[in-house]
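# Topology and contacts: notes
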Amino acid sequence: NTGDVATTAFSVAAYLGDPRAQGARIGQIRLEAGIEASVAQTVSIPVPDYPERGDASLYVWVDSESEVAEANELDNLQVSDVTALGLADLVAGAS
């Protein structure tokens, strides 16, 4: 929160693809207590079933439901290129 006023409760969501262009929401958390003025907070967003393998653009959108009135709404979206390696695929069979 780079502002000089504490926020109310809000959500933070993770998306595969740009949420402004129908990117798929893959996880979300809610900060019920909000954030105090001039305080940074690290959050973790559980993504139980990450649907991609390989390269993807992962977007994180702070205040994804537009619940907090802000001086600048344009700094709420961050994108990172990620590589998902996937999990092993074990198969049982007779020997």
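Calculation rules
Each chain has its residues counted from 1, running along the sequence as written. In view of the model being predicted, local features appear only for residues whose pLDDT reaches at least 70, and side-chain atom pairs are presented and counted only at 80 or more, with totals across whole chains, interfaces and linings using the full set of residues. Remark: hydrogens and water are excluded; side-chain values derive from all non-hydrogen atoms of the structure. Segments assigned H or I by DSSP are reported as helices when at least four residues long, segments assigned E as strands when at least two residues long, and all are numbered from the N terminus. Here the radius of gyration uses the C-alpha set of atoms, whereas the globule reference equals 2.2 Å times the residue count to the power 0.38. With a 1.4 Å probe rolled over the protein chains alone, any residue whose accessible area is under 20% of its type maximum counts as buried; one over 50% counts as exposed, and the rest are partly exposed. Only heavy atoms enter the contact rule, under which two residues are in contact if any of them lie within 4.5 Å. Each accessible area value is a Shrake-Rupley result obtained with a 1.4 Å probe; residue values ignore everything except the protein chains displayed when judging cover. For the purpose of charge, His is not counted, nor are the chain termini; Lys and Arg are scored as positive and Asp and Glu as negative. One atom stands in for each charge, and that atom is NZ of Lys, CZ of Arg, CG of Asp or CD of Glu. For our purposes a nonpolar core is just a set of buried Ala, Val, Leu, Ile, Met, Phe, Trp, Tyr and Cys residues, chained together by side-chain atoms within 4.5 Å. Should DSSP find at least two bridges between two strands, the strands are regarded as paired. In protein, a polar contact means a hydrogen-donor-capable atom and an acceptor-capable atom, both N or O and within 3.5 Å, with residues adjacent in sequence counting only if both atoms are side-chain atoms; elsewhere, any N or O pair within 3.5 Å suffices. Cavity: a set of points on a 1 Å grid over the protein atoms alone where a 1.4 Å probe fits but cannot get out. Pocket: an open set with protein on both sides within 12 Å along at least five of seven lines, its lining residues, like those of a cavity, having an atom within 4 Å of a point. Grid points are joined across faces, edges and corners, and a volume is the space filled by probe spheres set on the points. For this classification, Asp, Glu, Lys and Arg are treated as charged, while Ala, Val, Leu, Ile, Met, Phe, Trp, Tyr, Cys and Pro are nonpolar and the rest, including Gly, are polar.

Each helix and strand counted, the protein chain has 0 helices and 4 strands in total. Listing each helix as α and each strand as β along the protein chain from the N terminus yields β-β-β-β. Against the globule reference of 12 Å for 95 residues, the protein chain gives a C-alpha radius of gyration of 17 Å, more extended than a compact globule. Dimensions of the protein chain along its principal axes, counting C-alpha atoms only, are 65 × 25 × 20 Å. Counting all 95 residues of the protein chain, 26% fall into the buried class. Counting contacts in the protein chain only where the partners sit at least 6 residues apart, residues at least 24 apart contribute 59% of the total. Of the roughly 6,800 Å² of accessible surface on the protein chain, 52% is carried by carbon and sulfur atoms. Between the mean site of the 4 positive side-chain charges and the mean site of the 15 negative ones, the protein chain shows a separation of 6 Å.

Turning to the nonpolar core, a few remarks are in order. Membership of the largest hydrophobic core is limited to 6 residues, which are Phe10, Val12, Ile29, Leu31, Ile35 and Val68. The contact partners of Phe10, leaving out residues within four places of it in the chain, are Ile29, Arg30, Leu31, Gly34, Ile35, Val62, Asp63, Glu67 and Val68.

This part takes up the pairing of strand E1 (residues 10-16). For E1, a buried count of 7 out of 7 residues is recorded, marking the element as mostly surrounded by other parts of the structure. On E1, burial covers both faces: Phe10, Val12, Ala14 and Leu16 on one face and Ser11, Ala13 and Tyr15 on the other are all buried. With 7 bridges joining them, E1 and strand E2 (residues 24-31) adopt antiparallel strand pairing. When the bridges of E2 are listed, Ala14 appears paired with Gly27. Here 5 bridges tie E1 to strand E3 (residues 54-62), and the two strands are oriented antiparallel to one another. Following the sheet pairing, Val12 is matched in E3 by Val62.

With respect to the helices and strands, the residue Asn76 is situated in the loop between E3 and strand E4 (77-84). At a separation of 3.3 Å, a polar atom in the side chain of Asn76 contacts the side chain of Glu73. Each residue touching Asn76, except ones within four places of it in the same chain, is listed here: Val60, Trp61, Val62, Asp63 and Glu70.

Turning to the layout of surface pockets, a few remarks are in order. Taken as a whole, the largest pocket holds about 720 Å³ of empty space. Lining the largest pocket we find 28 residues, and of these Asn1, Thr2, Val62, Glu70 and Asn76 sit closest to its centre. Of all the secondary structure elements, the ones that give two or more residues to the lining of the largest pocket are E1, E3 and E4. Residue classes in the lining of the largest pocket are distributed as 16 nonpolar, 8 polar and 4 charged.

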